[in-house]
Amino acid sequence: MLLQELIKRLNEGTLSGNSRQDTSSEERKDKHTPATLLDKSNILMLGPTGSGKTLLVQTLAKYLDVPLAICDCTVLTQAGYVGEDIESVVVKLVHESRGSVERAESGIVFLDEVDKIACVSGGQRYLKDVSGEGVQQGLLKLLEGSNVNIPDKSRRRGGESSSMVINTSNILFIAAGAFSGINKIIAVRKEKKIIGFGAPVNNRSLEEKQPTNNNEEDTVDPLLLREAESKDLITFGMIPEFVGRLPIIVPFSPLSEDDLVKILTEPMNALIPQYQHLFDMDKIHLTFSTDALRAVARLAKQKETGARGLRAILEKLLLDAMFDLPGTEVNSVNVTETAVLGTSSLEYRLKKQQSVQQI
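In every chain, residue numbers begin from 1 and rise along the written sequence. Per-residue local features are limited, in this predicted model, to residues with pLDDT of at least 70; the limit for side-chain atom pairs, both in listing and counting, is 80 or more; totals at the level of whole chains, interfaces and linings are taken over all residues. With hydrogens and water set aside, each side-chain value is computed from the structure's full complement of heavy atoms.

K.L.:
Honestly, the overall build of the chain in this entry has me stumped. Any pointers?
P.N.:
Secondary structure follows DSSP: runs of H or I at least 4 residues long count as helices, runs of E at least 2 residues long count as strands, and numbering of each begins at the N terminus. Across its full length, the chain carries 15 helices and eleven strands. Remark: exposure states derive from per-residue accessible area (1.4 Å probe, protein chains only) relative to the maximum for the residue type, with buried under 20%, exposed over 50%, and partly exposed in between. Per-residue burial over the chain gives 33% buried out of 359 residues. Of the contacts made within the chain by residues no fewer than 6 positions apart, 68% connect residues no fewer than 24 positions apart. Contact between two residues is taken to exist if any of their heavy atoms lie within 4.5 Å; hydrogens are not considered.

Here's what the structure looks like:
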């Protein structure tokens, strides 16, 4: 539903944007006023792993028909150190646009795992943080918009190397990360106590303040991510200049059990149809009960790996059947809830319509 709502809003925004553009152009002709220049607004996505951040950006780039460069921030370092230079993100964007500078200057750069370049807290101050704060400082000019010189391999002649200039002013930068532990930072900020007159009154009873067990004491509401602010990101380890260049903060909530069931069955390349196609290649019909699908989603939610954990559960569940059943008399396999939980085996059906179970 999230992608459908995104496409619906994009359609509405395109229609309304065209009408506003026509109206504003007519007004400028009448008043002879200069055109207003519109700046971009870079985006920062916060959310647990497997919540759909990368898929959302890929769908957005596909819908808008613009080149997309997905870059891993964990391999970036300052210039002169071991690792990839910061300008390599622009090189990847030009590569994805097949060398077209015009398309690259209106593309999207997705900075994945941006929380891994947070400043190192504590430690020796004389050590230079080349993969943390240094990378953030190097990305400032790209996020703000500047001319970047990158090597042009297509125009290299002899031993001389040429370069091309890319303007990043109209390139949309979308940064994303799990930001593990930021929920506790938000909770501490919201639970600040004021001493003296005018302090808010806390109506919680003494029984509610006493911890019942260690697990409940350590748990933090994941919905607190919706109330993330710039100061929380700075406390996490991002420098203020970097946070200021990402004005739009988009929090992602963990996927619910119903969301995971929909991911298993509804998308065009859903996991269940993929495994059914693999079994159909060996003329074996694969079915899942409704309770089995919910059991798979429940296990993925317990593992806290989001949608990425669904494939691992299905691989472990169907691995033996995919290798042992081809070439046998079995023509259908039914997956039940007990089979997912490991208390029973998969239900097999022979060509003679006799139901058997794996021993």
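After that view, the rundown keeps rolling.
K.L.:
I'm lost on unusual backbone geometry in this one. Help?
P.N.:
A negative phi angle is the norm for most residues apart from glycine, just as the trans form is the norm for most peptide bonds. Although it is not a glycine, glutamate 113 adopts a positive phi angle of roughly 55°. Residue placement: glutamate 113 occurs in the loop between β3 (108-112) and α5 (133-144). The backbone of glutamate 304 sits at a positive phi, close to 60°, despite the residue not being glycine. Its location among the elements puts glutamate 304 in the loop between α13 (290-303) and α14 (308-324).

K.L.:
What should I look at first to understand the pattern of salt bridges in this one?
P.N.:
If charged atoms from side chains of opposite charge come close, those side chains can pair. In what follows, salt bridge is the name for a side-chain nitrogen of Lys or Arg lying within 4 Å of a carboxyl oxygen of Asp or Glu. Throughout the structure, instances matching the rule amount to eleven salt bridges. As a salt-bridge pair, arginine 189 and glutamate 229 come within 3.6 Å of each other at their nearest N and O atoms. With arginine 189 in helix α6 (residues 182-190) and glutamate 229 in the loop between α8 (214-218) and α9 (230-236), the pair connects residues that are 40 residues apart, well separated along the chain. The class for arginine 189 is buried, based on a relative accessible area of 19%. According to the relative accessible area criterion, glutamate 229 is partly exposed, its value standing at 35%. Here arginine 294 makes a salt bridge to glutamate 257, at a shortest N to O gap of 3.2 Å. Separated by 37 residues along the polypeptide, arginine 294 in helix α13 and glutamate 257 in helix α11 (residues 257-265) bring together distant segments of the chain. Connected through salt bridges with shared partners, the residues Glu257, Asp258, Arg294 and Arg298 form a single ionic network.

K.L.:
Would you mind showing me how to read the packing of α13 against α14 here?
P.N.:
A pair of packed helices is characterised by two quantities: the angle between their axes and the separation of those axes. Orientation is described by lines fitted to C-alpha atoms, with helices fitted over the stretch in contact, and by angles between N-to-C directions that extend from 0 to 180 degrees. Two elements in contact, α13 and α14, have axes whose closest approach is 9 Å; the angle formed by their N-to-C orientations is 120°. Overall, the two elements α13 and α14 adopt an arrangement that is oblique. Seen from above, α13 lies across α14 with right-handed handedness. Judged by residue contacts, Val296, Ala297, Leu299, Ala300 and Lys303 of α13 engage Gly309, Leu310, Ile313 and Leu314 from α14. Just so you know how the angles are binned, under 35 degrees is roughly parallel, over 145 roughly antiparallel, 65 to 115 roughly perpendicular, and the rest oblique. Working rule for handedness: look at the near helix, and if it is turned counterclockwise from the far one by less than a right angle, call the crossing left-handed; if clockwise, right-handed.

K.L.:
In this structure, what is going on with the nonpolar core? I would like to understand it.
P.N.:
Where a protein is soluble and globular, its nonpolar side chains tend to be buried together. Leu111, Val114, Phe179, Met238 and Phe242 are the most contacted members of the largest nonpolar core, which has 42 residues in total. Sort the elements by how many residues they give to this core and α5 lands first, with five residues. Leaving out residues up to four positions away in the same chain, methionine 238 has contacts with Val114, Ile117, Ala118, Gln136, Phe179, Leu233 and Val243. Among buried residues, the Ala, Val, Leu, Ile, Met, Phe, Trp, Tyr and Cys ones that are joined through side-chain atoms within 4.5 Å form a nonpolar core. Leu255, Leu310, Ala321 and Val333 belong to the second-largest nonpolar core, a separate cluster that totals 31 residues.

K.L.:
Explain helix α2 (residues 53-64) here, please?
P.N.:
Three or four residues apart is the spacing at which side chains of an α-helix point the same way, because the helix has 3.6 residues per turn. Any helix carries an expected span of 1.5 Å times its number of residues minus one. Over its twelve residues, α2 runs 17 Å from end to end, which matches the ideal 16 Å to within 8%, given 1.5 Å per residue. Turning to α2, its buried residues are Lys53, Thr54, Leu56, Val57, Thr59, Leu60 and Ala61. Of the residues trailing α2, aspartate 65 is marked for its positive phi of about 60°.

K.L.:
Would you mind showing me how to read the environment of lysine 262 here?
P.N.:
Position of lysine 262 among the secondary structure elements: in helix α11. On the accessibility criterion, lysine 262 (35% relative accessible area) is partly exposed. Once the C-alpha coordinates of lysine 262 and alanine 297 are considered, the two residues, 35 residues apart in sequence, prove to be 9.5 Å apart.

K.L.:
Sorry, what's going on with the sheet that holds strand β2 (residues 68-72) here?
P.N.:
Remark on secondary structure: sheet strands pair via backbone hydrogen bonds, oriented parallel or antiparallel. Reading across the sheet, the five strands line up as β2-β3-β6-β1-β7 and stay open at both edges, with parallel pairing between neighbours. A strand with exactly one partner marks an edge of an open sheet, and here the two such strands are β2 and β7 (248-251). Ignoring strand direction, the axes of neighbouring strands in this sheet form an average angle of 20°. Across the face of the sheet, helix α3 (residues 88-96) comes into contact with β2 and β3 while running at roughly 145° to β2. Two strands make a pair as long as DSSP finds a minimum of two bridges between them.

K.L.:
Could you clarify how one ought to interpret α11 in this entry?
P.N.:
Along α11, the residues that are buried comprise Leu260, Val261 and Leu264. The buried residues of α11 all sit within an arc of 100° when viewed along its axis, so they share a single face. In this structure, the buried side of α11 is in contact with α12 (271-280), α13 and α14. Taking the helix axis as origin, the arc is that swept by the directions to the C-beta atoms.

K.L.:
Hey, could you run me through the environment of glutamate 329 in this one?
P.N.:
Among the secondary structure elements, glutamate 329 is positioned in the loop between α14 and β9 (330-335). Each C-alpha atom of the pair glutamate 329 and isoleucine 284 lies 9.6 Å from the other, and the pair is 45 residues apart in sequence.

K.L.:
Explain the packing of α11 against α13 here, please?
P.N.:
Interhelical geometry of α11 versus α13 gives an angle of 120° and a closest axis separation of 9 Å. One element, α11, and the other, α13, form an angle in the oblique class. Seen along the crossing, α11 lies across α13 with a hand that is right-handed. Contacts between α11 and α13 involve Glu257, Asp258, Leu260, Val261, Leu264 and Thr265 from the former and Leu293, Arg294, Val296, Ala297, Arg298, Ala300 and Lys301 from the latter. Gly is put with the polar residues, along with every residue not named as nonpolar or charged; the nonpolar set is Ala, Val, Leu, Ile, Met, Phe, Trp, Tyr, Cys and Pro, and the charged set is Asp, Glu, Lys and Arg. Taken together, the residues of the contact of α11 with α13 break down into seven nonpolar, one polar and five charged.

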